[in-house]
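Read off the chains here:
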Amino acid sequence: MAPKRALRLYNTLGRRVEELRTHQPGKVGMYCCGPTVYEYQHIGNFRTYILEDVLRRALTALGYEVRHVMNVTDVGHLTDDADEGDDKMLQSARREGKSAWDIAAFYTEQFFRDSRALNILEPHVVARATNHIDEMIELIERLESAKLTYEANGNVFYDVAGFDRYGELALLDRQDLRAGARIDVDSSKRNPEDFGLWFTRSKFERQEMLWDSPWGRGYPGWHIECSAMAMKYLGETVDIHCGGIDHVPVHHTNEIAQSEGAIGLSSHSDRRWVSHWCHGEFLIIDSAKMSKSKGNLVRIDQLVEQGYEPLDYRYFVLGAHYRKQQNFTAASLEAARSARLNLVDRLASLASEVGEAGAVDEQLAGADGEAHPLYQEALELAASDLSMPRVLEVLWRLAKEASGPAVDLLAGAAAIDGILGLGLVEAARRTAAERDVAAGAPLDGEIRALVDQREKARQEGDYATADRIRDDLAARGVELQDTPEGVRWRQQASV
RNA sequence: GGCGCCGUACCCAAGUGGUAAGGGAGAGGUCUGCAAAACCUUUAUGCACCGGUUCGAUUCCGGUCGGCGCCUCCA
């Protein structure tokens, strides 16, 4: 089945926006580079995962059938140098005698916990590297038969000299690279660009995860897992491959070399292993890249400790285009939180207009949000290289300017939010339900009593007492409104 | 040294060869005992700077300055 509308997406290979052409009509196989589970994922990492989630949601909204595969790099070393720093998890794990396997399981769990909190849909296939050692070995054997490998010093390397299109994705031929400028080049390599496929000589002292292989007991190189798992779950043609922009020069460049080398695609072939490469730009914090070495990592749970909702961060991310660096500051996150709350607030008013809590569900179920013109506008913007800032703008227009029956507006908002993934309508329904309770018979007798007390004080002219009670209630999230019809109160939007 | 990206209001941030979205924050107003909320109004003749192309440039080209990223295991 063909999609309703084709997605136009920037392709790193070729550096321009292209209409997505899929291997099978209407079906998209997307492979995303997932986390390395030996540390917490920070909010910069999650910017990329949010991009991938939005891509998937946009594809789905456009009518594509999506198969989303993500790897989890859990091949771990637990070496002495990995223990440096003040990572409490690693230190305690070591104290308690936990293995690399335990640690990987721990961080994998953390990753998916944060992902869920950010409304990131779980990939259809989550592939753990340690479950695919056999596939990696087979792939290395294929490369061996293709004469693209050599052994040196006990390790198996990929020989980039045998792959004539090496570096095409990153335009490496246009660069005057300084091999070894930052990291020492392994002297056993023939070319600095060569990379390890299988190691039997570990540079790590305390290697915990080891497997038997035709080249001896050891462990796989990093890049091979993605090639092997992508091929296993998506076949020899991948429609979209995603990752952070930092993966372009090395990881993805090497993946292409491995995969196309194994498949046997040469520069004479028009066919590519991956037809569309999609990369997310970096999050910048205090005018610098977020990295462990700079010590400026921020995690989702730290934002939560500061009183933010994970979805505030998602809103923040959606406010900038994925191909531009985005600067994270306390002020910009605060602005995103206010904006999201205001949006929920407006949608909650619409929900109240639709009716009582139960009726909202029923009415929404009967409405066709995708029929709303503003949804169509949003979908078109999503199809235009994932222009989420503009989709947000359309949603704001829907929430504050559009006219029509409240249920149609709300249904349209729900449809747009299906692309954004902000959980706005869900939050609005919850907020509206709380307000319904407030407007009718309050469940909390204590609050009712305080409201009555304040009214009495006001009538007696004791405004000091009245204001004190109002402040007390505000601290509990209860907002009072004195209207000509009398006092009303409601729960603040806080979801 | 090479490669790539970027510089838009107080902040974040869209965008286009034809005269600058949206959000946050601030200001004024209506309402109020005072507030809050809501609603209304409001904040860039200007898009780093200098040239060029053009009827017309924030948008295209060149240069300058500034910022960020990458140059081999970092989303």
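Residues numbered from 1 in each chain as written. Chains lettered and ligands numbered in written order. Predicted model: local features only at pLDDT ≥ 70, side-chain atom pairs only at ≥ 80, totals over all residues. Heavy atoms only, no water.

Looking at the confidence of the model for chain A
Move 1: When pLDDT is averaged across chain A, the result is 85; 87% of the residues are at 70 or more.
Move 2: Confidence drops under a pLDDT of 50 for residues 79-87, and excluding neighbours within four residues, the segment shows 16 contacts in the predicted structure. (pLDDT = per-residue confidence, 0-100. Contact = heavy atoms within 4.5 Å.)

Focus: the sheet that holds strand β6 (residues 149-152)
Hydrogen bonding along the main chain pairs the strands of a sheet, whether they run parallel or antiparallel.
Move 1: Read across the sheet, 4 strands follow the order β6-β7-β8-β9 without closing on themselves; strand pairing throughout is antiparallel. Strand pairing shows two members of the sheet lacking a second neighbour, β6 and β9 (219-220), which therefore form its edges.
Move 2: Bridging between strand β8 (residues 195-199) and β9 involves 2 bridges; their strand directions are antiparallel. Bridge assignment links F199 to a residue of β9, and that residue is Y219.
Move 3: Across the face of the sheet, helix α4 (residues 133-145) comes into contact with β6, β7 (155-158), β8 and β9 while running at roughly 125° to β8. (Pairing = 2+ DSSP bridges. Helix = DSSP H or I, 4+ residues; strand = E, 2+ residues; numbered from the N terminus. Axes fitted to C-alpha atoms, helices over the stretch in contact; angles between N-to-C directions.)

Thoughts on the packing of aromatic side chains
Move 1: Under the criterion given, the structure shown has 16 aromatic pairs.
Move 2: Judged by centre distance (5.7 Å) and plane angle (65°), the rings of F46 and Y49 are edge-to-face. Here the residue F46 and the residue Y49 both occupy positions in helix α1 (residues 43-61), the gap between them amounting to 3 residues, near one helical turn. In terms of burial, F46 and Y49 fall into one category: buried.
Move 3: Consider the rings of Y158 and F195, whose centres lie 5.0 Å apart with planes at 10°: the pair is stacked. You can see Y158 sitting in strand β7 and its partner F195 sitting in strand β8, a full 37 residues away along the chain. Across the pair, exposure class does not vary: Y158 and F195 are buried alike.
Move 4: Clustering of aromatic rings is evident, with ring pairs tying together F46, Y49, F111 and F112.
Move 5: The ring of Y150 has R190 sitting right over it, with the charged end atom 3.9 Å from the ring centre. (Phe/Tyr/Trp six-rings, centres within 6.5 Å; stacked < 30°, edge-to-face > 60°. Buried < 20%, exposed > 50% of the residue type's maximum accessible area, 1.4 Å probe, protein only. Lys NZ or Arg CZ within 6 Å of the ring centre and 35° of its normal.)

As for the sheet that holds strand β10 (residues 238-244)
Move 1: Within the open sheet, the 5 strands sit side by side as β5-β4-β3-β10-β11. Their pairing is parallel. Looking along the sheet, the strands with just one partner apiece sit at the ends: β5 (125-128) and β11 (274-280). Going across the sheet, the axis of each strand differs from the next one's by a mean of 20°, ignoring polarity.
Move 2: Note that β10 and β11 share 6 bridges and pair parallel. Its bridge partner lying in β11, H241 is registered against W277.
Move 3: Running at roughly 155° to β10, α1 makes contact with β3 (27-32), β4 (65-72), β10 and β11 of the sheet.
Move 4: In this fold helix α6 (residues 248-263) packs onto β10 and β11, with an angle of close to 155° to the strand it touches most, β10.

What to know about α6
Structurally, the α-helix is built with 3.6 residues per turn, so residues lying three or four positions apart point the same way.
Move 1: Of all 16 residues in α6, 14 are buried, a share of seventy percent or more.
Move 2: Phi turns positive, to about 95°, at G264, one or two residues after α6.

Regarding the pairing of β8
Move 1: Counting buried positions along β8 yields 5 of 5 residues, so the element is predominantly enclosed.
Move 2: Both β7 and β8 contribute to a ladder of 3 bridges, which runs antiparallel. Directly across from F157, in β8, lies its bridge partner G196.

Quick notes on the packing of helix α11 (residues 373-383) against helix α12 (residues 388-400)
Move 1: Between α11 and α12, the shortest axis-to-axis distance is 8 Å and the interhelical angle comes to 170°. Taken together, the axes of α11 and α12 are roughly antiparallel relative to one another. Across the interface between the two elements, L374, E377, A378, L381 and A382 from α11 touch M388, R390, V391, V394, R397 and L398 from α12.
Move 2: Taken together, the residues of the contact of α11 with α12 sort by class into 8 nonpolar, no polar and 3 charged. (Parallel < 35°, antiparallel > 145°, perpendicular 65-115°, else oblique. Nonpolar A, V, L, I, M, F, W, Y, C, P; charged D, E, K, R; others polar.)

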